[in-house]
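# Understanding the architecture of this molecule
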Amino acid sequence: MTTKTKSTGAGALPLNSILSGDCIEAMNSLPAASVDLIFADPPYNLQLKGDLHRPNNSLVDAVDDHWDQFDSFKAYDTFTRAWLKAAQRLLKPHGAIWVIGSYHNIFRVGSALQDQGYWILNDVVWRKSNPMPNFRGKRFTNAHETMIWASKSEGAKYTFNYEALKALNEGIQMRSDWVLPICNGGERLKDEKGDKAHPTQKPEALLHRVLVAATNPGDVVLDPFFGTGTTGAVAKKLGRDFIGIEREAAYREIAEKRISKVRRFDRASLEVTQGKRAEPRVPFGQVVERGLLSPGEELTSLNGRHRARIRADGTLVALDTKGSIHQVGARLEGAPSCNGWTYWHFRRDGQTVPIDLLRQQIRAEMQS
């Protein structure tokens, strides 16, 4: 696996590597404020009692590994608070964390997150389109898991590619309930015996959505419970750097082989839809300064009912009202607000053209 380091001012960051050992110790060994996003799939503490059988009496391959065993809820809470504290130290000021869990643990994790000072942004329900049935028939089929998305602290900035998620959902605002299948078929990794390599392997589709939503190319994503490397595989495809931490040697070996076969998408393919807020700000005064429109030139409203003249400082005057392109438009229409860029038009070669065309021209030059 190709490994590179990034200087953070407090030491080198082992990018695109899988660290061995205890996740808390490993996180505490890394430079503070060096990670953009943490995706954590911690032990669920399922507290299973005895074997689970199907109706035909065959044994269900449930999660009974030693890493999911805790003596008590108190022991689990202590562990949770410790790794969340280490994670918070690692996050950049604008960083965020996603934690996934089931009803066995996610409420305890949520409480610990808030006690630690994280600020919960959303809980996202992953509704499984093909869940495992409830074989005992004594409860509802457990058909979902819950993810908590939280910023580092209250009021902290964070990445959210709203327009990209909307585009991913065919132009409809992405909701907080995601219907995706569990990991199966060819995506399900197997060990040398042909058994599941990991009992709770997450589907790549889930991580794809999380990373497109909450990171940008070049960001550093850390997974403290790396398992067989789904986070790393998806991060590599999407042009993000990753750091994995995994104490089980068998999982590390499988993850390394898996990620070595992954190829990063080309730069053009990594670009996503951006909202207008992400575009460079262009004051109307720049249009005037650059001579694209001149002081004294007349603008007309979209509906043709109002006219205003441009002043040298980029403000407009119309009748007895003066102000910005937005203020004057709103007052003339008697509206609480107005987007002056689309409201006001000018004449060129016999055509009526929105002034927003000039803003886009300046933006194109700024980004070239």
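In case you missed it, the structure is sitting above this.
Calculation notes
Residues numbered from 1 in each chain as written. Predicted model: local features only at pLDDT ≥ 70, side-chain atom pairs only at ≥ 80, totals over all residues. Heavy atoms only, no water. Helix = DSSP H or I, 4+ residues; strand = E, 2+ residues; numbered from the N terminus. Buried < 20%, exposed > 50% of the residue type's maximum accessible area, 1.4 Å probe, protein only. Core = buried A, V, L, I, M, F, W, Y, C linked by side-chain atoms within 4.5 Å. Contact = heavy atoms within 4.5 Å. Phe/Tyr/Trp six-rings, centres within 6.5 Å; stacked < 30°, edge-to-face > 60°. Lys NZ or Arg CZ within 6 Å of the ring centre and 35° of its normal. Pairing = 2+ DSSP bridges. Axes fitted to C-alpha atoms, helices over the stretch in contact; angles between N-to-C directions. Polar contact = N/O pair within 3.5 Å; in protein donor to acceptor, adjacent residues only side chain to side chain. Salt bridge = Lys/Arg side-chain N within 4 Å of Asp/Glu carboxyl O. Expected span 1.5 Å × (residues − 1). Arc of directions from axis to C-beta.

## Here we look at unusual backbone geometry
A positive phi angle, close to 50 degrees, is found at Ala33, a residue other than glycine. With respect to the secondary-structure elements, Ala33 resides in the loop between helix H1 (23–28) and strand S4 (35–40). Residue Ala33 is classed as partly exposed on the basis of its relative accessible area of 38%. Phi at Glu170 is positive, roughly 55 degrees, even though this residue is not glycine. With respect to the secondary-structure elements, Glu170 resides in the loop between helix H4 (162–168) and strand S8 (177–180).

## Focus: the nonpolar core
Of all hydrophobic cores here, the largest spans 35 residues; its most connected members are Leu37, Trp98, Met147, Trp178, Leu206, Val210 and Leu211. Ranked by the residues each element gives to this core, the list is headed by helix H5 (residues 204–214), at 7 residues. Discounting residues that sit within four places of it in the chain, Leu206 has contacts with Ile100, Trp126, Met147, Trp178 and Leu180. Listed in part, the 34 residues of the second largest apolar core include Leu30, Ala86, Ile97 and Tyr118.

## Side note on the packing of aromatic side chains
Inspection of the entire model under this criterion finds 11 aromatic pairs. Centroid distance Trp98 to Trp178: 6.0 Å. Interplanar angle 35 degrees. Geometry classified as tilted. Of this pair, Trp98 sits in strand S5 (residues 91–101) while Trp178 sits in strand S8, and the two are 80 residues apart along the sequence. In this structure Trp98 comes out as buried when scored by relative accessible area, which is 2%. Counting every residue linked through ring pairs, the aromatic cluster contains Trp98, Trp149, Tyr158, Phe160, Tyr162 and Trp178. The ring of Trp178 is capped by Arg209, whose NZ or CZ atom sits 5.0 Å from the centre of that ring.

## Notes on the sheet that holds strand S14 (residues 321–323)
On the basis of which strands lie adjacent, the open sheet formed by 6 strands has the order S14-S13-S12-S11-S15-S16 and antiparallel pairing. Each edge of the sheet is formed by a strand with only one pairing partner; in this case those strands are S14 and strand S16 (351–354). Across the sheet, the mean angle separating the axes of adjacent strands is 35 degrees when strand polarity is ignored. Of the strands in this sheet, strand S13 (316–318), S14 and strand S15 (344–348) are in contact with helix H10 (residues 325–333), which crosses S14 at around 150 degrees.

## As for the environment of Glu187
The topology assignment puts Glu187 in the loop between S8 and H5. Sequence spacing of Glu187 and Pro203 is 16 residues, and the spatial spacing of their C-alpha atoms is 7.6 Å. The residues touching Glu187, leaving out its near neighbours within four places in the chain, are Gln201, Lys202, Pro203 and Glu204. A polar atom in the side chain of Glu187 sits 2.6 Å from the backbone nitrogen of Glu204.

## What to know about the sheet that holds S4
With mixed pairing, the 8 strands of this open sheet are ordered in space as S3-S10-S9-S4-S5-S7-S6-S8. The open sheet has two free edges, formed respectively by strand S3 (17–20) and S8, since each of these has just one partner strand. Averaged over neighbouring strand pairs, the angle between their axes works out to 20 degrees when direction is ignored. Bridge count for S4 against S5 is 5 bridges, and the pairing is parallel. Paired with Ala40 across the bridge in S5 is Val99. The strands touched by H5 are S4, S5, strand S6 (119–128), strand S7 (144–151), S8 and strand S9 (220–223); relative to S8, the strand with the most contacts, the crossing angle is about 145 degrees.

## Describing the pattern of salt bridges
Evaluated as defined, the whole model comprises 15 salt bridges. A salt bridge links Asp177 to Arg175, with the nearest nitrogen and oxygen atoms 2.8 Å apart. Looking at Asp177, the relative accessible area reads 32%, which means it is partly exposed. On the accessibility criterion, Arg175 (57% relative accessible area) is exposed.

## Thoughts on helix H7 (residues 249–260)
For H7, built from 12 residues, the straight-helix expectation of 16 Å at 1.5 Å per residue is met to within 8% by its first-to-last C-alpha distance of 17 Å. Along H7, the residues that are buried comprise Tyr251, Arg252, Ala255, Arg258 and Ile259. Buried residues in H7, looked at end-on, bunch into an arc of 130 degrees, giving them a common side. Buried-residue contacts for H7 involve S3, H5, helix H6 (230–237) and strand S10 (241–246).

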